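Structural characterization, general
Below are the chains, spelled out letter by letter.
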Amino acid sequence: MMRRAAEIRLDALLRTACDVIAERGLANTRTADVAQAAGVSQALVFYHFATKERLLAQAFEYAVEQDLARLDAVVRSPAPPLTKLRRILKLYTPAGRPTSWSMWIDGWSESLRTPEVERVSRRLDLRWREDLAAVIADGVGDGTFECADPAGAAWRISAVMDGLAVQLAVHDRVISRRQFTEWVRLVTARELGLDPAELD
């Protein structure tokens, strides 16, 4: 019973930390901020996380895992590769208030200074590429896509999506969501021997 209560408390602390980070940013979040927002002592935060760096890394991982759970559901579905690819491209597009993308961008930035965040960021980022590469390889296998290098194509497609998503999330009105979608479809279609209209 005590272990279950500790797990619930840890989950609540991680959710609170994500809320604080979304408001203040990873670099400006203090353990005291998380403790105050959660209504607990700072000692309890350190009991669960030991260091501020571990708190930031675990909160970042907690937030990003929600994105990856949606990706995993797409990849594990029985849908054909083209349908999976369309769904992955849609998942990747920043929508509404880009809180998720803000967390990714913040995580990449903080990775330059915080090794624990960098390790988590790299591992989670690579999962996107690996899953996209697996979907591309499946599509090559069944003749849907034409691509000699699925892993390389996944990196190039992801790099374009990352760059455009940063512009869309950070710089208001520099590009539109419609432009993001069109350009990503164009690049993806060129990589996989498709007509961009097939990715609508």
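As a reminder, the structure under discussion sits directly above these lines.
Since the structure is predicted, the reported quantities are computational estimates derived from the model, not experimental observations.

Looking at the overall build of the protein
On a plain count of helices and strands, the protein comes out with 9 helices and 0 strands. Listing every helix and strand of the protein by position from the N terminus yields α-α-α-α-α-α-α-α-α. Considered along the principal axes of its C-alpha atoms, the protein spans approximately 55 × 40 × 25 Å. Relative to its 200 residues, the protein shows a buried fraction of 42%. Taking the intrachain contacts of the protein between residues at least 6 apart in sequence as the baseline, contacts between residues at least 24 apart amount to 62%. With 27 positive and 28 negative side-chain charges, the protein shows a separation of 5 Å between the mean positions of the two kinds.

Re the packing of aromatic side chains
Tallying each qualifying case throughout the model produces 3 aromatic pairs. When the centroid spacing of 4.8 Å and the interplanar angle of 75° are considered together, the rings of Tyr-92 and Trp-128 count as edge-to-face. Here the residue Tyr-92 occupies a position in helix H5 (residues 81-92), and Trp-128 occupies one in helix H7 (residues 115-141), the gap between them amounting to 36 residues. Trp-128 shares its class with Tyr-92; the two are buried. Ring centres of Trp-104 and Trp-108 lie 6.1 Å apart, and the angle between their planes is 45°; on these two criteria the pair is classed as tilted. With Trp-104 and Trp-108 both in helix H6 (residues 99-111) and 4 residues apart, the pair spans about one turn of that helix. Classification of Trp-108 by relative accessible area gives partly exposed; the value is 23%. Taken together, the ring pairs connect Phe-60, Trp-104 and Trp-108 into an aromatic cluster. The residue whose ring lies beneath Arg-129 is Trp-155, and the NZ or CZ to ring-centre distance is 5.0 Å.

A word on the pattern of salt bridges
Under the defined criterion, the tally for this structure stands at 15 salt bridges. In this structure, Asp-33 engages Arg-24 in a salt bridge whose closest nitrogen and oxygen atoms are separated by 3.1 Å. Given a relative accessible area of 10%, Asp-33 falls into the buried group. The exposure class of Arg-24 is partly exposed, given its relative accessible area of 38%. Across the salt bridge formed by Arg-129 and Asp-125, the nearest N and O atoms sit 3.0 Å from each other. Placement of both Arg-129 and Asp-125 in helix H7 is noted, with a separation of 4 residues, approximately one turn of the helix. The exposure classification of Arg-129 matches that of Asp-125, with both residues buried.

Concerning helix H2 (residues 31-38)
Among the residues of H2, Thr-31, Asp-33, Val-34 and Ala-35 are the ones counted as buried. Where H2 ends, the next residue or the one after it, Gly-39, has phi of about 70°, a positive value.

What counts and what doesn't
Residues numbered from 1 in each chain as written. Predicted model: local features only at pLDDT ≥ 70, side-chain atom pairs only at ≥ 80, totals over all residues. Heavy atoms only, no water. Helix = DSSP H or I, 4+ residues; strand = E, 2+ residues; numbered from the N terminus. Buried < 20%, exposed > 50% of the residue type's maximum accessible area, 1.4 Å probe, protein only. Contact = heavy atoms within 4.5 Å. Lys, Arg positive; Asp, Glu negative; His and termini not counted. Charge placed at Lys NZ, Arg CZ, Asp CG, Glu CD. Phe/Tyr/Trp six-rings, centres within 6.5 Å; stacked < 30°, edge-to-face > 60°. Lys NZ or Arg CZ within 6 Å of the ring centre and 35° of its normal. Salt bridge = Lys/Arg side-chain N within 4 Å of Asp/Glu carboxyl O.

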